[in-house]
Structures are given as C-alpha cells and as structure tokens.
Amino acid sequence: MSAIGETYMFGLYSADIKSSLGYDQTTFNLLSFFKDLGANIGILSGLINEVTPPYVVLSVGAVFNFFGYFGEIVDLRS
C-alpha cells in the first residue's frame with residue numbers, strides 16, 4: 001500500500017475519511033485532486049532521473065516527503 005495501492009484503494013476508505021474528519025464534498029474533492037496530482041508527478045521523477053544523477057531525484061523526493069507529512073501534522077494539530 002505504501003508504493004501504489006493507496007491510489008487504487010482510495011474509493012474503499014474515502015467514506016471513512018470523509019466522516020471521521022468531517023470533510024464536506026468540496027474539501028474532499030480537493031484532497032482527491034492532490035492525491036491524483038501526487039500520483040502523476042511520479043512520472044516526472046522518472047524523466048528527471050534520465051538527465052540528472054539519482055541523488056537529485058532522491059533529494060527532491062525526500063524534501064517533498066518531509067513537507068507532505070509536515071503539512072499533515074500541522075493540519076491535524078490545528
């Protein structure tokens with residue numbers, strides 16, 4: 001699930017997210033949009049890896065990962 005399964009299983013647990021966090025449909029659509037955007041950005045990392053050394057892609061991925069989880073933590077604490 002950590003690699004690709006979450007994207008395909010979103011429909012299974014989306015109702016639980018919506019009810020437990022109290023999201024309305026507009027907020028939930030935004031969440032779904034960014035889920036799809038994140039899945040599609042993975043193609044760009046493969047293309048960037050073709051022209052740069054692998055540590056560049058890994059560094060960019062680490063930064064995105066940090067800010068993604070940091071954003072979740074900030075959102076859940078507020």
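What counts, and at which threshold
- Residues numbered from 1 in each chain as written.
- Predicted model: local features only at pLDDT ≥ 70, side-chain atom pairs only at ≥ 80, totals over all residues.
- Heavy atoms only, no water.
- Helix = DSSP H or I, 4+ residues; strand = E, 2+ residues; numbered from the N terminus.
- Buried < 20%, exposed > 50% of the residue type's maximum accessible area, 1.4 Å probe, protein only.
- Areas by Shrake-Rupley, 256 points an atom, 1.4 Å probe, with all protein chains shown as cover.
- Phe/Tyr/Trp six-rings, centres within 6.5 Å; stacked < 30°, edge-to-face > 60°.
- pLDDT = per-residue confidence, 0-100.
- Patch = residues over 30% accessible without salt bridge, like charges linked within 9 Å, V, L, I, M, F, W, Y side chains within 5 Å.
- Salt bridge = Lys/Arg side-chain N within 4 Å of Asp/Glu carboxyl O.
- Expected span 1.5 Å × (residues − 1).
- Arc of directions from axis to C-beta.

When helices and strands are counted, the protein chain shows 4 helices and 0 strands. Going from N to C terminus, the protein chain has its helices and strands arranged as α-α-α-α. Buried positions account for 9% of the 78 residues belonging to the protein chain. Only carbon and sulfur atoms are counted for the fraction: they give 67% of the accessible area of the protein chain, which is about 6400 Å².

Another aspect to go through is the packing of aromatic side chains. Inspection of the entire model under this criterion finds 2 aromatic pairs. Measuring from ring centre to ring centre gives 5.2 Å for Phe-66 and Phe-67, while their planes differ by 75°; the resulting arrangement is edge-to-face. Here Phe-66 and Phe-70 contribute two aromatic rings whose centre-to-centre distance is 5.6 Å and whose plane-to-plane angle is 15°, an arrangement assigned as stacked. Highlighted residues: Phe-66 and Phe-70, both in helix H4 (residues 54–77), separated by 4 residues, approximately one helical turn. With relative accessibility at 42%, the residue Phe-70 sits in the partly exposed group.

Moving on, we get to the confidence of the model for the protein chain. The predicted coordinates of low-pLDDT regions are not to be read in fine detail. When pLDDT is averaged along the protein chain, the result is 78, and 86% of the positions lie at 70 or above. Looking at the elements of the protein chain, mean pLDDT is at its lowest for helix H1 (residues 5–8), recorded as 60, and at its highest for H4, recorded as 83.

Side chains of Leu-30, Phe-33, Phe-34, Leu-37, Ile-41, Ile-43, Leu-44, Leu-47 and Ile-48 sit close together on the surface and give an oily, nonpolar patch of about 860 Å² of accessible area. Examined against the element boundaries, Phe-34 turns out to sit in helix H3 (residues 25–51). Accessibility expressed as a relative area gives 47% for Phe-34, which makes it partly exposed.

In this section: helix H2 (residues 10–21). When the terminal C-alpha atoms of H2 are compared, their 15 Å separation across 12 residues agrees well with the 16 Å that a helix rising 1.5 Å per residue should span. Residues of H2 that are buried: Phe-10, Tyr-13 and Ser-14. Down the axis, H2 shows its buried residues gathered within 135° of arc, on one side only. Away from its buried face by more than 90 degrees, H2 exposes Leu-12, Ala-15, Asp-16, Ser-19 and Ser-20. Where H2 ends, the next residue or the one after it, Gly-22, has phi of about 70°, a positive value.

With that settled, the discussion passes to the environment of Gly-11. As for its position among the elements, Gly-11 is in helix H2. In this structure, the C-alpha to C-alpha distance between Gly-11 and Ser-32, residues 21 residues apart in sequence, is 10.0 Å.

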